[in-house]
Amino acid sequence: QVQLVESGGGLVQPGGSLTLSCTASGRGFSVEAVGWFRQARGEERKFVALIYRSKVPKYADGVQGRFTISRNNAKNTVTLQMNNLQPDDTADYYCFDFGSFYWGQGTQVIVSS
């Protein structure tokens, strides 16, 4: 059974940066894509970015050019580098394995002055 553990959330001012990490324990990531979703208060969970095992990335329009997703397959870790953060980026961020359909517990990101 795969367990996804996120870290790196916190409070940052607009324009600042944060790096989120998702590490898979147990059997590790599947051979499929791994991605990040986020859920703001009062809103549905939405796609942010994903990365295939080949390391080809895909981004939501709202984060394109600001966020960078990467993965280290040997370490079973996926990283989301978030730059130029804005208040609308405030949300709980969740790691998701598209192969196992398993979610992490989430990490909170707050962008506020």
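As shown above, the structure is provided for reference.
What you see is a predicted model, and the numbers here were worked out from it, not measured in a lab.

> What is the right way to read the sheet that holds strand β3 (residues 18-25) from this model?
The pairing of strands in a sheet comes from backbone hydrogen bonds and takes either a parallel or an antiparallel form. One open sheet holds the 4 strands; their spatial order is β1-β3-β8-β7, and the pairing between them is antiparallel. Edge strands, defined here as strands with exactly one partner in the open sheet, are β1 (3-7) and β7 (67-72). With direction set aside, neighbouring strand axes in the sheet form an average angle of 15 degrees. Bridge analysis of β1 against β3 gives 5 bridges, and the strand direction is antiparallel. Across the sheet, the residue bridging to Gln-3 is Ser-25, located in β3.

> Hey, could you run me through unusual backbone geometry in this one?
Glycine aside, residues mostly have negative phi, and peptide bonds are mostly found in the trans state. Positioned with a positive phi, Lys-55 is a non-glycine residue whose angle comes to about 80 degrees. Following the sequence through the fold, Lys-55 ends up in the loop between β5 (46-51) and β6 (57-59). A relative accessible area of 49% places Lys-55 in the partly exposed class. Phi at Asn-84 takes a positive value of approximately 50 degrees, unusual for a residue other than glycine. Relative to the elements of secondary structure, Asn-84 occurs in the loop between β8 (77-82) and β9 (91-97).

Each value, and the rule that gives it
Residues numbered from 1 in each chain as written. Predicted model: local features only at pLDDT ≥ 70, side-chain atom pairs only at ≥ 80, totals over all residues. Heavy atoms only, no water. Pairing = 2+ DSSP bridges. Helix = DSSP H or I, 4+ residues; strand = E, 2+ residues; numbered from the N terminus. Axes fitted to C-alpha atoms, helices over the stretch in contact; angles between N-to-C directions. Buried < 20%, exposed > 50% of the residue type's maximum accessible area, 1.4 Å probe, protein only.

In short, geometric facts, not functional conclusions.
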